[in-house]
Amino acid sequence: MSVIKKNRSLIMCVTPLQMLIAERIIELKSDESFDLLVVALNDNEKYRTYFERVKKHCVNSLYYVQGKRRLFFFIKQLKKNRLDIKYNNYYLASIDSIYFQYIISKNKHSDVFTFDDGTANIMPSSLYYSNTKPKFLQRAVWRVLGVKHYMAHLKEKSLLHYTIYKDISNIIDNQQYLSLIPLGDEKQSALKDKTIGFYLGQPLTDISENFDLSFVKNNIDKLKVDYYYPHPREKVYPEGNYQIVESPLIFEDYIVQFLKDNPNVSIEVYSFTSTALINIMSLDRIQVTYIHDNQFFKLYKSFYEFSEELFGILHLDLDSVEIRI
């Protein structure tokens, strides 16, 4: 009996969210044999968790921490980990990555597929909507090392773009919607007998010292949420009648698991400006709302108006809400 040889594919990521999307793509493309390349922007528990998880579905893999090391060191690591071969297909999200541009440049006849980096794919003001090239001198150096394709080339080469944003314009017109829910878990319960509230934290004191623990507590007390999901850079949390969630998962993945484990529950998610709300808004049984007081609204008025106009996400003025007893 002859064995059908699978096409070899390399999937390339730079963030945990991208690795989560990559996992869904690998599930979808079961007729392909994948290798994994992660060029990590940071090195932490969440990165390692998703790398180890996606790695299980791949033949070869490389976890490369992006730092001050030069491109030639990266090239050596590709060879050492047997990722310098020619693949049939390349999947990537961060089209601005010089590391990924190098790989595609060396394999210009292979098929290229793209997937979401995050909200940069759908916000017209982002870098991805420009066709900016490095300056001439830098471009000359990159060319010597083999980099000949930049963002505009990769957008042109992409045969299909996998997106988690349903019915939203993207950097590439030819799109396929990809749910964050794993294959086989898409069925939803018709019975929703309870609503659970989540507050998604952010390091607000990075914006201003005015947005301290007291500010957060006073505002989320008005929402009466059940869970507080902290941002990795939040070191202390306000005390309240809610549970602090400790998890190695990114919020998008955690909420998918929560939906799966609680099939009869609807979820309301609140945050000041976290773009994770945009990432999960297409999921069933999810309602997302941006929150602000008058001071915060003045700072981010354009964001709230933009998110409502483009995504239909409502924003709630907490100055008009009394604390629930």
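The structure under discussion appears in the preceding block.
Residue numbers here run from 1 along each chain, matching the order of that chain's written sequence. Thresholds applied to this predicted model are a pLDDT of at least 70 for local features of residues and 80 or more for the giving and counting of side-chain atom pairs; totals over whole chains, interfaces and linings are not thresholded and use all residues. Hydrogens and water molecules were not included; the side-chain quantities draw on all heavy atoms of the structure.

### Focus on the sheet that holds strand β1 (residues 7-13)
Then step 1. Judged by pairing direction, the sheet is parallel, and its seven strands sit side by side in the order β3-β2-β1-β4-β5-β6-β7 without closing on themselves. Edge strands, defined here as strands with exactly one partner in the open sheet, are β3 (61-65) and β7 (175-177). Going across the sheet, the axis of each strand differs from the next one's by a mean of 20°, ignoring polarity.
Then step 2. In this sheet, strand β6 (residues 158-163) lies alongside strand β5 (residues 111-115) in parallel orientation, the contact comprising three bridges. Bridge pairing links V112 to S158 in β6.
Then step 3. In this description, contact between two residues means that some pair of their heavy atoms is separated by no more than 4.5 Å. To define axes, lines are fitted to C-alpha atoms, for helices over the stretch in contact only, and angles between the resulting N-to-C directions are given on a 0 to 180 degree scale. Secondary structure elements are taken from DSSP: a helix is a run of H or I of four residues or more, a strand is a run of E of two residues or more, and numbering for both begins at the N terminus. Strands in contact with helix α2 (residues 45-55) are β2 (32-40) and β3; relative to β3, the strand with the most contacts, it is inclined by about 165°.
Then step 4. Strands β2 and β3 of the sheet are contacted by helix α3 (residues 71-80), whose axis makes an angle of about 160° with β3. One requirement defines pairing of two strands: DSSP has to find at least two bridges between them.

### Focus: the environment of D117
Then step 1. Relative to the assigned elements, D117 resides in the loop between β5 and α5 (136-145).
Then step 2. Relative accessibility thresholds used throughout: buried, under 20% of the residue-type maximum; exposed, over 50%; partly exposed, between the two (1.4 Å probe, protein chains only). Of the residues examined, D117 reaches a relative accessible area of 18% and is grouped as buried.
Then step 3. For the pair formed by D117 and L17, sequence separation is 100 residues and the distance between their alpha carbons is 7.8 Å.
Then step 4. Those residues in contact with D117 that lie beyond four places of it in its chain are T15, L17, Q18, A93, S94 and Y128.
Then step 5. Pairs of N or O atoms are called polar contacts if they sit within 3.5 Å, as long as, within protein, a hydrogen donor faces a hydrogen acceptor (for residues adjacent in sequence, only side-chain-to-side-chain pairs). Among the polar contacts listed, one links the side chain of D117 to the side chain of S94, at a separation of 3.0 Å.

Read these as layout, nothing more, since geometry by itself doesn't imply function.
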